[in-house]
Amino acid sequence: MEKNKYTNKNIEDEWGNGNAQTIDFIVTEDCNLRCKYCYICHKKANHVMEFEIAKKFIDYIFSGRFQQSEGVILGFIGGEPFLEVDLIDKIVDYYKIKAYEVGSDWYWNYRINITTNGVNYAQESVQHFIKKNHDKLSVTITIDGTKEKHDLQRVFPDGSGSYDIIVKNIPLYLEQFYETTKVTFAHEDLPLLKESILHLWKLGIKDISANVVYEDVWEEGDDKIFEDQLKRLAEEIVDNELYRDYKVSLFDENIGEPLSEEIKLHSSCGAGRMIAVGPSGKIYPCLRYKDYSLESDKHEVVIGNVETGIDFDKVLPFRVATYPTQCDEECLNCEIAMGCSFCQGQSYDSADTATNFQRSKYICRMHKARVRANHYFFNLLYNDMRVKTSS
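Attention in this report is confined to the structure presented alongside it. Not measured: the values here are computed from a predicted model. By convention here, each chain's residues receive numbers from 1 onward along its written sequence. Under the rules for a predicted model, residues below a pLDDT of 70 receive no local features and side-chain atom pairs below 80 are neither given nor counted, while totals for whole chains, interfaces and linings still include all residues. Calculated side-chain values reflect all of the structure's heavy atoms, with hydrogen atoms and water omitted.

## Description of the sheet that holds strand E8 (residues 274-277)
Strand pairing requires that DSSP identify at least two bridges connecting the strands. Counting from the N terminus, the helices are the DSSP runs of H or I reaching at least four residues and the strands are the DSSP runs of E reaching at least two. Read across the open sheet, the 8 strands follow the order E4-E3-E2-E1-E8-E9-E10-E11; overall the sheet is mixed. What marks the edges here is a single partner per strand, and that holds for strand E4 (137-141) and strand E11 (309-310). Bridge count for strand E2 (residues 72-77) against strand E3 (residues 110-116) is 5 bridges, and the pairing is parallel. Each bridged residue has a counterpart across the sheet, and for Gly75 the counterpart in E3 is Asn113.

## So, the pattern of salt bridges
Salt bridges are defined as contacts in which a side-chain nitrogen from Lys or Arg sits within 4 Å of a carboxyl oxygen from Asp or Glu. Tallying each qualifying case throughout the model produces 24 salt bridges. Across the pair Glu29 and Lys44 runs a salt bridge whose closest N-O atoms are separated by 3.6 Å. Placement of Glu29 in the loop between strand E1 (21-26) and helix H1 (51-61) and of Lys44 in the loop between E1 and H1 is noted, with a sequence separation of 15 residues between them. Taking the relative accessible area as the measure of exposure, Glu29 reaches 2% and is therefore buried. With a closest N to O distance of 3.1 Å, Lys147 and Asp151 form a salt bridge. Residue burial is assigned from relative accessible area. The probe radius is 1.4 Å, only protein chains are included, and a residue is buried under 20% of its type maximum, exposed over 50%, and partly exposed in between.

## Some points on the side chain of Thr184
You can see Thr184 is positioned in strand E5 (residues 180-185). Thr184 sits in the buried class, given a relative accessible area of 12%. The contact criterion used throughout is that any non-hydrogen atoms of two residues lie within 4.5 Å. Those residues in contact with Thr184, other than ones at most four positions away along the chain, are Tyr37, Asp144, Lys149, Asp189, Asn211 and Val213.

Structure, rendered in structure tokens:
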């Protein structure tokens, strides 16, 4: 039996096969929630992008000084991006007009990506924007699982949970977009992992991208809880044949092997290739290098601005970043390194020097636990399928 015949349901393919240029507009540094695990740790209420800043940046990317890939993903982020949905609408309109005027392939070969906390998803202005751009738009509402799990982390400034408000918008969301969400697990909510994934599937969200936080939050024994929760989830999936219709990225048949020579030519993420422009007009290699995402006293990393464009000499350290230049020997020679990802911006933030070449390793034990649970899951799945095939 072929391996991919008994894996769990595949996640939706990435638009552009991972080759599209990503451009993120940080339209606001504010948010209507204060999620406890959020890596944007310095939110500011009055830092909103002016339309003229976005306009100058769009003029720049169509000026001939910006190398264009085959396709482009326009990301709108915050804070909470839909707090500024009218601004986003104006930016998208201007982008389309400019792309048409210059005759760029990006006039038709683009996507709009927005991840929202879902608080104001049903708002009239948000729905107007969605209907206007639906054919080119991908929206993800972040809902974390059961009410208990969600409300542990995703809270309003007064500390109250947001689950009841978000879950009311899920039926409308599922009518309009592919049924996916992004779930994050931290120390406090690990014991709720199994029930949270099952709960989201029952809500109709079939495709779940889930991960543990990269930051230094893990305590002794958390890896054991993580492994146990994943194994219990694995048993539920196999016993009820949920793998036929549902997906959670925590189970992946491609993890838990040594790094291939091809993989070593790359880095774990696309910092430097997925640029972000902030409210002030500064351009960053990724939003995680902006000051509002840095917990340490390190300076933000700026690679240009909307007035002068990108300084490609400052981009070079990101273009040459690979696993061998960013990882120590333990990580490079690890027998289960595949799937143990890291965020370059978070690594920069936690490094003891101001460098982009010192990988953060806080999730090491959590990755090992995930690999053990994945072995358990795929053994269960293989044996189950073999029995069903032979009977």
